[in-house]
Amino acid sequence: DAKTTQPTSMDCAEGRAANLPCNHSTISGNEYVYWYRQIHSQGPQYIIHGLKNNETNEMASLIITEDRKSSTLILPHATLRDTAVYYCIVRVAERETSGSRLTFGEGTQLTVNP
Amino acid sequence: GAGVSQTPSNKVTEKGKYVELRCDPISGHTALYWYRQSLGQGPEFLIYFQGTGAADDSGLPNDRFFAVRPEGSVSTLKIQRTERGDSAVYLCASSLTRRETQYFGPGTRLLVL
């Protein structure tokens, strides 16, 4: 799976948009970009994923560049409860025998400030 | 609906003891994964089940670790002769199929004294 690079930490003011970048310059054509977050002492929570097109759901938007080498997760109106570690993960769409294990990096610690 | 559940939520044991950690996946999910997370790091893959069989156990650190899923639903991660280095949060995830999104449980925090 392709490696991802994320900033170690970011700050955001409550109510403002939080834009979390991720670099995945070695991504292959059959690899998805997944985002999870982990609030302290909880299991990772799925946020969103995409292949080529931008995606939006009730939690966030995912913007993937045309060359697919980077992406941005957008939390449109950050709240204090969005403070968490955010993981950007590249995952092969299909793998014959090994399933689709997730390879986590160290993620970005997002702190939403009042 | 019910998510992935894991029991116990916390487990304290002594070095050398045997422990079992349980995972109840989301109903109907055929794929089940175990991960381990050490303090300050992201989760690391341990083992993947497709149905009852372990399709990929390449992440298990050594032969003290073993996992089963006898009926294709509940899974148990077993650790023999625990060591202090085994202290971590053990996470379970399930997905409808191996291609679908994985959903995680809350984890079991294991402390080996």
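Shown above is the structure to which this text applies.
Asks: Describe the overall build of chain B, listing the residues and the values that go with them.
Replies: A count of helical and extended segments in chain B gives zero helices and 11 strands. Reading chain B from its N terminus to its C terminus gives the helix and strand order β-β-β-β-β-β-β-β-β-β-β. Taking 113 residues into account, the globule formula puts the C-alpha radius of gyration at 13 Å, and chain B, at 13 Å, falls close to it. Viewed in the frame of its principal axes, chain B has a C-alpha envelope of about 35 × 25 × 25 Å. Considering chain B as a whole, with its 113 residues, one finds that 46% of them fall into the buried category. Sequence-distant contacts, at least 24 apart, represent 54% of the contacts inside chain B between residues at least 6 apart. Per element, the accessible surface of chain B, about 5,300 Å² overall, is 49% carbon and sulfur.

Asks: Tell me about a nonpolar patch on the surface, and please be specific about residues and values.
Replies: Residues and elements named next belong to chain B. Taken together, the side chains of V12, L111 and L113 define a hydrophobic patch exposed on the protein surface, amounting to about 270 Å² of accessible area. Here V12 is to be found in strand β2 (residues 10-13). Here V12 falls in the exposed class, since its relative accessible area comes to 54%.

Asks: Could you give me a rundown of the nonpolar core, with the residues and numbers involved?
Replies: Core analysis: the biggest nonpolar cluster contains 21 residues, and W35(A), L73(A), Y86(A) and L110(A) have the highest contact counts within it. Taken together, the elements giving at least two residues each to this core come down to β2 (18-23), β3 (31-38), β4 (45-50), β6 (61-64), β7 (70-75), β8 (84-92) and β9 (108-113) of chain A. Per-element accounting of this core gives the leading share, four residues, to β8(A). In this structure L110(A) touches M10(A), D11(A), C12(A), A18(A), L20(A), L75(A), D82(A), T83(A), A84(A) and Y86(A), once residues within four positions along its chain are discounted. The next biggest cluster of nonpolar side chains, apart from the first, holds 20 residues, and it includes I26(B), L46(B), L60(B) and F65(B).

Rules used in this analysis
- Residues numbered from 1 in each chain as written.
- Chains lettered and ligands numbered in written order.
- Predicted model: local features only at pLDDT ≥ 70, side-chain atom pairs only at ≥ 80, totals over all residues.
- Heavy atoms only, no water.
- Helix = DSSP H or I, 4+ residues; strand = E, 2+ residues; numbered from the N terminus.
- Rg over C-alpha atoms; globule rule 2.2 N^0.38 Å.
- Buried < 20%, exposed > 50% of the residue type's maximum accessible area, 1.4 Å probe, protein only.
- Contact = heavy atoms within 4.5 Å.
- Areas by Shrake-Rupley, 256 points an atom, 1.4 Å probe, with all protein chains shown as cover.
- Patch = residues over 30% accessible without salt bridge, like charges linked within 9 Å, V, L, I, M, F, W, Y side chains within 5 Å.
- Salt bridge = Lys/Arg side-chain N within 4 Å of Asp/Glu carboxyl O.
- Core = buried A, V, L, I, M, F, W, Y, C linked by side-chain atoms within 4.5 Å.

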